[in-house]
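Residue strings, one per chain:
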Amino acid sequence: MSPSIDGMSGPLPSGRIAVVVSRYNPAICDSMLNAAVESLTNAGIAPERHWIIRVPGAWELCWAVEQTFQHADVVGAIALGCVIRGETTHDEHINRAVSDSLMSQSVTSGRPIGFGLLTCNTLEQAIQRSGGSVGNKGHEAADAVLEMLRLAPKLR
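Residues numbered from 1 in each chain as written. Predicted model: local features only at pLDDT ≥ 70, side-chain atom pairs only at ≥ 80, totals over all residues. Heavy atoms only, no water.

For the protein, an unreviewed UniProt entry supplies the name 6,7-dimethyl-8-ribityllumazine synthase and the organism Aporhodopirellula rubra. According to the UniProt record, the Sequence similarities (unreviewed entry) comment for the protein reads "Belongs to the DMRL synthase family." (UniProt positions renumbered as here; feature names shortened; annotations may be inferred.)

On to the nonpolar core, then. In terms of nonpolar packing, the biggest core is built from 22 residues, with Ile 17, Leu 40, Ile 78, Leu 80 and Leu 118 touching the most fellow members. Contributions of two or more residues to this core are made by strand E1 (16-22), helix H1 (26-42), strand E3 (74-84), strand E4 (113-120) and helix H5 (137-151). Sort the elements by how many residues they give to this core and H1 lands first, with 6 residues. When neighbours within four sequence positions are excluded, Leu 80 is seen to be in contact with Val 19, Val 20, Val 21, Ser 22, Met 32, Leu 33, Ala 36, Leu 61, Gly 116, Gly 138 and Ala 141. Counting residues in hydrophobic clusters, the runner-up holds 19 residues, among them Val 20, Val 55, Cys 62 and Leu 117. (Core = buried A, V, L, I, M, F, W, Y, C linked by side-chain atoms within 4.5 Å. Buried < 20%, exposed > 50% of the residue type's maximum accessible area, 1.4 Å probe, protein only. Helix = DSSP H or I, 4+ residues; strand = E, 2+ residues; numbered from the N terminus. Contact = heavy atoms within 4.5 Å.)

Okay, the layout of surface pockets next. The computed volume of the largest pocket comes to approximately 350 Å³. Considering the residues around the largest pocket, the lining is formed by 18 residues, among which Gly 110, Pro 112, Met 148, Ala 152 and Arg 156 are closest to the centre. No other element matches H5, which puts 5 residues into the lining of the largest pocket. Its residues placed into classes, the lining of the largest pocket shows 14 nonpolar, 2 polar and 2 charged. (1 Å grid on protein atoms, 1.4 Å probe; cavity = no way out; pocket = protein on both sides within 12 Å on 5 of 7 lines; lining within 4 Å. Points joined across faces, edges and corners; volume = space filled by probe spheres on them. Nonpolar A, V, L, I, M, F, W, Y, C, P; charged D, E, K, R; others polar.)

In structure tokens form, the structure reads like this:
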């Protein structure tokens, strides 16, 4: 069996990590932001390397991430937001468009994007995924970016 390669260890590149966070559903999104920043800090990413950008809602995450990638020193991004199902299918359209756009941007740019967009049926589900019994998606999205940043040089 061949040895496996992963990004669980290794150096992180210098540069900034953009954390783009929605202001919509502020209690949920702020909890995820705090968790993401905690993960970055625990990994040794100094606060001056966290570039926190606030946007109105989930729809605006994509544009803001794309704009941060215009800066050569931005090595990765974390997109945080929360869409809760309502009475129509509006949430499905937003969730799919944002998901597709962020994936495309990551592949096109060659930079990792941590996907921290909660797509929940209820507020209770969002609460549980932003620091409740299911964990915190902010930690997961930040940890994924950190792992991918460590993995990238091993694949070159």
